[in-house]
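Structural description and commentary
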Amino acid sequence: DTEVTQTPKHLVMGMTNKKSLKCEQHMGHRAMYWYKQKAKKPPELMFVYSYEKLSINESVPSRFSPECPNSSLLNLHLHALQPEDSALYLCASSSTSGSGETQYFGPGTRLLVL
Amino acid sequence: EDQVTQSPEALRLQEGESSSLNCSYTVSGLRGLFWYRQDPGKGPEFLFTLYSAGEEKEKERLKATLTKKESFLHITAPKPEDSATYLCAVQADDYKLSFGAGTTVTVRA
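The paragraphs below set out a description of the structure included in this document. On a predicted model such as this, the values are computed, not experimentally measured, just so you know.

Conventions we followed
Residues numbered from 1 in each chain as written. Chains lettered and ligands numbered in written order. Predicted model: local features only at pLDDT ≥ 70, side-chain atom pairs only at ≥ 80, totals over all residues. Heavy atoms only, no water. 1 Å grid on protein atoms, 1.4 Å probe; cavity = no way out; pocket = protein on both sides within 12 Å on 5 of 7 lines; lining within 4 Å. Points joined across faces, edges and corners; volume = space filled by probe spheres on them. Helix = DSSP H or I, 4+ residues; strand = E, 2+ residues; numbered from the N terminus. Nonpolar A, V, L, I, M, F, W, Y, C, P; charged D, E, K, R; others polar. Disulfide = S-S within 2.5 Å.

Digging into the layout of surface pockets
- The calculated volume of the largest pocket comes to roughly 550 Å³.
- What lines the largest pocket is a set of 23 residues, and nearest its centre among them are A:Ala39, A:Lys40, A:Lys41, B:Thr85 and B:Thr104.
- Elements that contribute at least two residues to the lining of the largest pocket include exactly β9 (84-91) and β11 (103-108) of chain B.
- Ranked by the residues each element gives to the lining of the largest pocket, the list is headed by β9(B), at 3 residues.
- Residue classes in the lining of the largest pocket are distributed as 8 nonpolar, 8 polar and 7 charged.
- As a volume, the second largest pocket reaches approximately 330 Å³.
- Looking at the second largest pocket, it is lined by 17 residues, and the ones nearest its centre are B:Asp2, B:Lys96, B:Leu97, B:Ser98 and B:Phe99.
- Going through the elements one at a time, β5 (44-50) of chain A together with β1 (3-7) and β10 (97-99) of chain B are the ones with two or more residues in the lining of the second largest pocket.
- Ranked by residue count, the leading element in the lining of the second largest pocket is β10(B), at 3 residues.

Given below as structure tokens:
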């Protein structure tokens, strides 16, 4: 089973709202990722967690705050977003964050910021 | 910096008309080349991982091959359900996937 689940599937929020995206995997993977994907563009890496510790932050604005409560869960907390943050947010996981490891993606959360 | 170029950008095929997608890459120390399929509004679905030149992998109507400079995804006798965007990504010495822009395949019945 290579399933990564994400909730919610769709989210509409105002620029003053606080919301959270959730991601879960039960494959025993120890690396989890957040990506952002704009329409007709490839995914862009935002954050990498390795063994529940944040290992990579790709210069993402502080209005995005990741959290990894345990090895199966990954959250992305959103606050004071801008309309240009509207995108498909993808979670992925892999056995480790080492090179050559296949990353498995979830279905994504479609976010619209008004 | 790693570079990945996919061609063509779009491909329209008749059902049963076989074709190939190209992924050219420039990377120092390839650790893996990955093919994904993505349907509109959905997350990328993993297809293949290739590690070294000469390697080939198959799954149903899809076959991926790898050389030192490029990878091909061959679609044999495609069906309308093969319509999707196909993404190629390479990984060098670290965690990061460098994606190509994708090839959007449309298969007409």
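That covers the picture; the talk isn't over yet.
Some points on the state of the cysteines
- This structure, assessed with the given rule, holds 2 disulfides over all chains.
- Through a disulfide, A:Cys23 is tied to A:Cys91; the S-S separation comes to 1.9 Å. Where A:Cys23 bonds to A:Cys91 through sulfur, the torsion about that S-S bond is close to -70 degrees, and the disulfide is left-handed. Here A:Cys23, found in strand β3 (residues 18-25), pairs with A:Cys91, found in strand β9 (residues 87-94); they are 68 residues apart in sequence, far enough to count as distant.
- The disulfide partner of B:Cys23 is B:Cys88, and the S-S distance across this bridge is 1.9 Å. A torsion of -60 degrees about the S-S bond marks the disulfide between B:Cys23 and B:Cys88 as left-handed. Of this pair, B:Cys23 sits in strand β3 (residues 19-26) while B:Cys88 sits in strand β9, and the two are 65 residues apart along the sequence.
- Looking at the unpaired A:Cys68, the closest cysteine sulfur is the one in A:Cys23, lying at 9.2 Å.

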